[in-house]
Amino acid sequence: MKHTRIAVIGGGAIGRTHAVAIRDYAGTELAGIVDPFETGKALAAEMDSPHFTKFEDLPDDIDGVVIATPNALHVPQATALIEAGIPVLVEKPLGENAAACADLVALSKRTGVPGLVGHHRRHNPIVQAAKQAVDQGRFGTLVSGTIAATLAKPDSYFTVDWRREKGAGGPILINLIHEIDLVRHLFGEITEVFALASNRQRGFDVEDTAAVMLKLTGGGLITISLTDAGVGPWCWDTTAGENPARFPAMPAVSHMFSGTKAGMSLPDLAFWTHDGARDWTVPQVNTPLETAPQDSYIEQIRHFAAVIHGRETPRITLEDGAANIAVIEAIRHALAENRPARIDPLPQNAASEPKAMME
Ligand SMILES: NC(=O)c1ccc[n+]([C@@H]2O[C@H](COP(=O)([O-])OP(=O)(O)OC[C@H]3O[C@@H](n4cnc5c(N)ncnc54)[C@H](O)[C@@H]3O)[C@@H](O)[C@H]2O)c1
């Protein structure tokens, strides 16, 4: 069978992960790295792949493209590729604002050219096991949740300009968006948010730390503690073992969810139920959910190839990417106004305007 030929635009940190996955998955072939700068050129040489300085130069026989460039380029590059009939896997965040994402969603619908968003956790068997327990009704309805995302990023990470800038960098846009996608995937839509943020540790324009609250359609409440400047193992990246070459996995948890029937933590998949009546004086038993290891990035590329050939529909749609951005915009709005912001459900969840709520 002919290999699916996939190119990567942006040969930086995550571009490398995609290129390796495309090389390592048996059904795909790395068709090229597009990057005008030295890092991308060096990656192409290392991967023994053709190198291009602009994506317009890619050969005609490519089947799909991964967009792993700085955030501001996602929508313009995805728009040009979809207009040219080429399916895309766009790294998160899908775009910098919901309106631009909504236009991209509409273009993909109109042309029938599919797009997938790089919220790779949904390809992780840990998340799939948690989702199955929720879908099977074993967890019940979400009551409350606590998520920690403690990311001690090295100073060298911030030498790239866009990572220090408001609107393009910061853990709310870069990291929290994965949590937003996970919460929406597991428990449904987010209707209201509130947040506090601080830039005290790094002193950049953009925040380094935030405390965020989410309210869900079912009435569940989730609090998220987020920082890129604090030490501690409590975050998905440093506990789930998804990318051990970059992030050694430590034996801690990052997510704790309480449902009407069970309590569940991630990534250890502890699943707590009462041994008898639902009563805090009755002992609880942990029967961990079962899962088998699977490389999320390889599974993401396998899935992308299947989407390209119409065998599967995108697990993380462009609508999802747009809805995630709408929540981020609402959080920004809540921060600017210093009060809760509501997210109204709109068609495709794409272009919602957050509304500050008078409390
Ligand atoms: N899914 C994930 O877990 C995950 C992890 C990291 C980054 N990301 C996302 O991936 C994107 C890239 O992040 P990164 O950390 O790899 O950044 P990076 O700065 O390491 O890499 C970006 C690359 O894009 C290249 N580039 C810049 N302009 C370009 C252009 N016009 N055409 C082609 N290439 C161009 C740069 O030279 C660089 O090599 C961001 O949107 C980020 O949010 C996702």
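Bear in mind that the values here come from a model prediction, so they are computed numbers and not experimental data.

1. Thoughts on the domain arrangement of the protein chain
By the assigned domains, the protein chain splits into domain 1 (4-120 + 297-312) and domain 2 (125-293). With centres defined by C-alpha atoms, the gap from domain 1 to domain 2 works out at 27 Å. With eleven residues of domain 1 in contact, the opposing surface of domain 2 contributes eleven residues. A buried area of about 1100 Å², summed over both sides, lies between domain 1 and domain 2, and 56% of it is on carbon and sulfur atoms.

2. Here we look at the pattern of salt bridges
Considering all chains together, one arrives at 19 salt bridges under this definition. When the shortest N-O distance is used, the salt bridge between Asp 155 and Arg 202 registers 3.4 Å. Of this pair, Asp 155 sits in the loop between strand E7 (142-150) and helix H6 (171-187) while Arg 202 sits in the loop between strand E8 (190-198) and strand E9 (209-216), and the two are 47 residues apart along the sequence. Here Asp 155 falls in the exposed class, since its relative accessible area comes to 63%. Of the residues examined, Arg 202 reaches a relative accessible area of 18% and is grouped as buried. With its nearest N and O atoms 3.1 Å apart, the salt bridge here joins Glu 337 to Arg 339. Its relative accessible area of 25% is what places Arg 339 among the partly exposed residues. Each of the salt bridges in this network shares a partner with another, and the network as a whole consists of Arg 122, Asp 181, Arg 184, Glu 189 and Asp 320.

3. Considerations on unusual backbone geometry
Put simply, Lys 92 and Pro 93 share a cis peptide bond, and its omega is -10°. As for its placement among the helices and strands, Pro 93 is situated in the loop between strand E5 (88-90) and helix H4 (98-111). Each neighbour pair has its own omega, and for Leu 266 with Pro 267 the value is 5°, a cis peptide bond. Within the secondary structure, Pro 267 is located in the loop between strand E12 (263-266) and strand E13 (271-274). Even without being a glycine, Asn 338 presents a positive backbone phi close to 55°. Take Asn 338: it is sitting in the loop between helix H8 (318-337) and strand E15 (341-342). On the basis of relative accessible area, Asn 338 is assigned to the exposed category, the value being 52%.

4. Remarks on the site of the ligand
Around the ligand sit 25 residues, and of these Asp 35, Asn 71, His 74, His 120 and Arg 163 come closest. In the model, an oxygen atom of the ligand is placed 3.3 Å from a nitrogen or oxygen of the Gly 12 main chain. One nitrogen or oxygen atom from the side chain of His 74 is found 3.0 Å from an oxygen atom belonging to the ligand. When the free accessible area of the ligand is taken as 840 Å², the share hidden by the protein chains comes to 84%. Within the residue set of the shell around the ligand, elements represented by two or more residues are helix H1 (13-24) and helix H3 (74-83). Tallied by class, residues from the shell around the ligand come to eleven nonpolar, ten polar and four charged. Residue contributions to the shell around the ligand reach at least three from each of two domains, namely domain 1 (4-120 + 297-312) and domain 2 (125-293).

Definitions and cut-offs
Residues numbered from 1 in each chain as written. Predicted model: local features only at pLDDT ≥ 70, side-chain atom pairs only at ≥ 80, totals over all residues. Heavy atoms only, no water. Domains from an automatic or database assignment. Contact = heavy atoms within 4.5 Å. Buried area = accessible area lost by both parts, 1.4 Å probe. Salt bridge = Lys/Arg side-chain N within 4 Å of Asp/Glu carboxyl O. Helix = DSSP H or I, 4+ residues; strand = E, 2+ residues; numbered from the N terminus. Buried < 20%, exposed > 50% of the residue type's maximum accessible area, 1.4 Å probe, protein only. Near = heavy atom within 4 Å. Polar contact = N/O pair within 3.5 Å; in protein donor to acceptor, adjacent residues only side chain to side chain. Areas by Shrake-Rupley, 256 points an atom, 1.4 Å probe, with all protein chains shown as cover. Nonpolar A, V, L, I, M, F, W, Y, C, P; charged D, E, K, R; others polar.

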